[in-house]
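Summary of the model geometry
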Amino acid sequence: RGLEKFVDELPDMPRLRGYGVAEGGALVAGNLTIGMYDTSWKFHRDLPATRVFAYGASRETATVPGPTIEAMRGVPTHVTWVNHLPARHFLPWDATLTTAVAPGARGVPTVVHLHGGVQHSSSDGHSLAWFTAGLAATGPRFSPPPYAYPNRQPPGNLWYHDHAMGLTRVNILAGLMGAYRVASPGEEGPLNLPSGAALDRNLVLFDRNFRADGALFMNRTGNNPDVHPQWQPEYFGAVVVVNGKAWPYLRVRRRRYRFRILNASNARFFRLRLSAGLRFVHVGSDSVYLPRPVATDAFLVAPSEIADVVVDFAEAAAGAAVLSDDAPAPYPGDPGDKAETVAVMKFLIEDAAAEEPPDTSAVPAALMPHYPRPDAREAATTRRITMYEYAKNGTDEPTHLYLNARSYMDPVTETPREGTSELWEVINLTDDNHPLHVHLALFAVLEQRSLRRVVEFRDCMVRRNDARACGIDRHLAGGRRHAVPRQERGWKNVFKVRPGAVTRMLVRFKPLSSADASPEESRFPFDVTTGPGYVYHCHVSLAVDLPS
Ligand code: C2O
């Protein structure tokens, strides 16, 4: 017990080029084949190898997290995702939830979602588009690989992860996730941010528990075993893993580095901070650059959020700096709430060698100022989305989650029109902060306000399932406002929706930039009206999906 910290070097995951280069240098579509393998991974020097499910170009090169896919703006990437997983899962799952199950329960259902990607819904990894090894069994919304990612979207940070119905939390826990970048050298080059494989790194963070024999530990007993024998909506581990190593270290020079930090945990929020007087300069948030950089001493990333920061180690007051976290788990929702500070990883800061060229990188005062500013007046309609939990009679643990009194398998209720924006008022009546993720669309958060008499409203909803009858308008009037952090005021695809509050967001069902639109201005470059559709959901255990 008690693994020694900072003994493994931070790995860089294998990089796969998502485009080809034709004779003469023109970039052409890339074709990748990425498998899901039942293999093992060393999470720490002193921990025996752990059984994992891992993505890789081959079994030998499969890693946790998987390879980083490097795509190019406007150049399509085609990925043939291949399920090589065995007949049975090695982690517990719960058949009493709405869950992908292959006939005879043989095979591990998986499907890949490119999170933050703008792609046709048949390539979006719908949770019911799952498939097992050899495509022996497929879900009701299956469409055959390869998946096509047009990459017609602004440069930024995406990730890919499993998205199978009812199994996502288990499959991600097993190791099925990886980073994906969309680059646009013509736009990003002039920014002169730190670049190149050594100075521009992906950091994929998650928490896990291990047994002494190295096996991943996941509780087999549910919080409410009479209703759901296994289901625990949240998973927390005591070990913090970065790029597949527990509490790693990285040697850096006294110069600027760029870190694209993804929280790939199932439920843990991280509030990150650096010692040695170092700070973060945010240049992007989720999949999009910010208009201007934002400096912070600490920031919060919920599951599936991505922070893109520059750190200048020349400012370090010491020869080492620890990246640490003090967010409570579970995260109850108030930015002031703190827990004990725990280490994430360590930077060993070295002076540059004499022959090394000086650091000429910079963070310019303007990054991508030309993206449209969110304007609530352009909203074509306003939707109210009420989330609440419900416990079966005689139980005190929530056993069901609802959006507007509907569950996932109910008919689709949200049918936005392509080319428009909508105002969404997300009313969170649960006790938890939900990192809300919308597929396809980007959104900007305009306001967060606490509800008045939230308990009264929730009690009514649990009894009557009817927001109007429960007097929603009355409850929305004028509670306390909560500022949106400055580094989160751009276009995002995940936002931390506070409990007991209404979050107003402008959701954009059209490309961010007309350069990425089809010839018909403000349309996506493919037909969004066909196929299985898109979902939005909370990213904690992916428990409350609903088709959009
Ligand atoms: Cu990151 Cu629907 O997922």
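The structure displayed is predicted, hence computed values, not measured ones. (Residues numbered from 1 in each chain as written. Predicted model: local features only at pLDDT ≥ 70, side-chain atom pairs only at ≥ 80, totals over all residues. Heavy atoms only, no water.)

A few words now on the pattern of salt bridges. Any two side chains of opposite charge can pair if their charged atoms end up close together. Within this structure, the stated rule accounts for 38 salt bridges. A salt bridge links Asp286 to Lys492, with the shortest nitrogen-to-oxygen separation between them at 3.1 Å. Of this pair, Asp286 sits in the loop between strand E17 (280-285) and strand E18 (288-296) while Lys492 sits in the loop between strand E28 (481-482) and strand E29 (494-497), and the two are 206 residues apart along the sequence. Note that Arg383 and Glu422 form a salt bridge whose closest N and O atoms lie 2.5 Å from each other. Here Arg383 is found in strand E23 (residues 379-390), whereas its partner Glu422 is found in strand E25 (residues 421-428), with 39 residues between them in sequence. Taking the relative accessible area as the measure of exposure, Glu422 reaches 2% and is therefore buried. (Salt bridge = Lys/Arg side-chain N within 4 Å of Asp/Glu carboxyl O. Helix = DSSP H or I, 4+ residues; strand = E, 2+ residues; numbered from the N terminus. Buried < 20%, exposed > 50% of the residue type's maximum accessible area, 1.4 Å probe, protein only.)

Quite often, the size of an interface is put as the accessible area lost when its parts meet. Along its sequence, the protein is organised into domain 1 (15-183), domain 2 (200-350) and domain 3 (376-547). The C-alpha-based centres of domain 2 and domain 3 are spaced at 25 Å. Taken together, the contacts link 30 residues of domain 2 with 28 residues of domain 3. Here domain 2 packs against domain 3, burying approximately 2400 Å² in sum over the two surfaces, 53% of which is carbon and sulfur. For the pair domain 2 and domain 3, the number of links is three salt bridges. One can count nine residue pairs in polar contact (both at pLDDT 80 or more) joining domain 2 with domain 3. At the level of elements, E17, E18 and strand E19 (298-301) are the ones that each hand at least two residues to the side of domain 2 that touches domain 3. Sorting elements by how many residues they give to the side of domain 2 that touches domain 3 places E18 first, with five residues. (Domains from an automatic or database assignment. Contact = heavy atoms within 4.5 Å. Buried area = accessible area lost by both parts, 1.4 Å probe. Polar contact = N/O pair within 3.5 Å; in protein donor to acceptor, adjacent residues only side chain to side chain.)

The next subject is the sheet that holds strand E22 (residues 342-350). Sheet architecture is open: five strands sit in the order E14-E22-E21-E16-E19, paired in mixed fashion. Two strands in the sheet have a free side with no partner beyond their single neighbour: strand E14 (249-253) and E19. The average undirected angle you get between the axes of adjacent strands in this sheet is 25 degrees. Where strand E16 (residues 270-274) and E19 come together, four bridges link them in antiparallel fashion. Bridge pairing in E19 links Arg273 to Ala298. (Pairing = 2+ DSSP bridges. Axes fitted to C-alpha atoms, helices over the stretch in contact; angles between N-to-C directions.)

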